[in-house]
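# Overview (structure and organization)
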Amino acid sequence: QVQLVESGGGLVQAGGSLRLSCAASGRTFNSYGMAWFRQAPGKEREFVAGIIWSGGRTSYADSVKGRFTISRDNAKNTVYLQMNSLKPEDTAVYYCAARSASGSYTYSTYDYWGQGTQVTVSS
């Protein structure tokens, strides 16, 4: 069982930056693939960024490539999402997710979810 707690969301102006953190419980954190998803009002939850257990490979949605960076610190059981050059369309609730098996970066392949943190980007 893994419990995930996100933090770092808030209100920021367009062009600004935020760093989200996701703290995980459990001794096997370093064996889990991790990802960030987001969900805007009235829209489906969408993949933002993913990272494998070792941190050696990452993947990003086209909409955030070059602006967002996912990373992890297995010694701290934490995964991060550095968000730069934020746009109003990045406004959403951001969720951290974990999975024990590999697969496509879709909602259904992740086993554990955090409660979400709100990111609001003003124009």
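Here the structure is shown first, and the text comes after it.
This write-up is about the structure you can find in this document.

Conventions and cut-offs
Residues numbered from 1 in each chain as written. Predicted model: local features only at pLDDT ≥ 70, side-chain atom pairs only at ≥ 80, totals over all residues. Heavy atoms only, no water. Helix = DSSP H or I, 4+ residues; strand = E, 2+ residues; numbered from the N terminus. Rg over C-alpha atoms; globule rule 2.2 N^0.38 Å. Buried < 20%, exposed > 50% of the residue type's maximum accessible area, 1.4 Å probe, protein only. Contact = heavy atoms within 4.5 Å. Areas by Shrake-Rupley, 256 points an atom, 1.4 Å probe, with all protein chains shown as cover. Lys, Arg positive; Asp, Glu negative; His and termini not counted. Charge placed at Lys NZ, Arg CZ, Asp CG, Glu CD. Core = buried A, V, L, I, M, F, W, Y, C linked by side-chain atoms within 4.5 Å. Pairing = 2+ DSSP bridges. Polar contact = N/O pair within 3.5 Å; in protein donor to acceptor, adjacent residues only side chain to side chain. Phe/Tyr/Trp six-rings, centres within 6.5 Å; stacked < 30°, edge-to-face > 60°. Lys NZ or Arg CZ within 6 Å of the ring centre and 35° of its normal.

A separate point is the overall build of the protein chain. For the protein chain, the count of helices and strands is zero helices and eleven strands. Sequence-ordered secondary structure for the protein chain, helices as α and strands as β, is β-β-β-β-β-β-β-β-β-β-β. The C-alpha radius of gyration computed for the protein chain amounts to 13 Å, which stays within 12% of the reference 14 Å derived for 123 residues, consistent with globular compactness. When its C-alpha atoms are laid out on the principal axes, the protein chain stretches across 40 × 25 × 25 Å. Looking at the protein chain as a whole, 43% of its 123 residues qualify as buried. Within the protein chain, counting contacts between residues at least 6 apart in sequence, those at least 24 apart form 57% of the total. With an accessible surface of roughly 6,300 Å², the protein chain has 47% of that area assigned to carbon and sulfur atoms. Separation of charge centres in the protein chain, based on 12 positive and 8 negative side chains, amounts to 6 Å.

Core analysis: the biggest nonpolar cluster contains 36 residues, and Leu4, Met34, Trp36, Leu81, Met83 and Tyr94 have the highest contact counts within it. Sorting the residues of this core by element identifies strand E3 (18–24), strand E4 (33–39), strand E5 (46–51), strand E7 (68–73), strand E8 (78–83), strand E9 (92–99) and strand E11 (117–122) as the ones contributing at least two each. Per-element tally for this core: the top contributor is E9, with five residues. Contact partners of methionine 83, with chain neighbours within four places excluded, come to Gly16, Ser17, Leu18, Leu20, Arg67, Phe68, Tyr94 and Val119.

It is worth spelling out the pairing of E7 at this point. Strand residues, when the strand is regular, have side chains that alternate between the two faces of the sheet. Burial along E7 is one-sided: Phe68, Ile70 and Arg72 are buried, and none of Thr69, Ser71 and Asp73, which face the opposite way, are. Bridge analysis of E7 against E8 gives six bridges, and the strand direction is antiparallel. The residue of E8 that forms the bridge with serine 71 is tyrosine 80. Joining the antiparallel neighbours E7 and E8 is a turn of four residues, in which asparagine 77 adopts a positive phi near 50°.

To continue, consider the side chain of threonine 117. Mapping threonine 117 onto the fold places it in strand E11. Looking at threonine 117, the relative accessible area reads 10%, which means it is buried. Of note is the side chain of threonine 117, whose polar atom sits 3.3 Å from the backbone nitrogen of glycine 9. The residues touching threonine 117, leaving out its near neighbours within four places in the chain, are Glu6, Ser7, Gly8, Gly9, Leu20, Ala92, Val93 and Tyr94.

Bringing the packing of aromatic side chains into the picture now. The full count for this structure, using the stated rule, is seven aromatic pairs. A centroid spacing of 6.3 Å and a plane angle of 65° characterise the contact between tyrosine 110 and tryptophan 113, whose relative ring orientation is edge-to-face. Lying across the ring of tyrosine 95, arginine 45 places its NZ or CZ 3.7 Å from the centre. Across the ring face of tyrosine 105, the terminal group of arginine 99 is positioned such that the distance to the ring centre comes to 5.2 Å.

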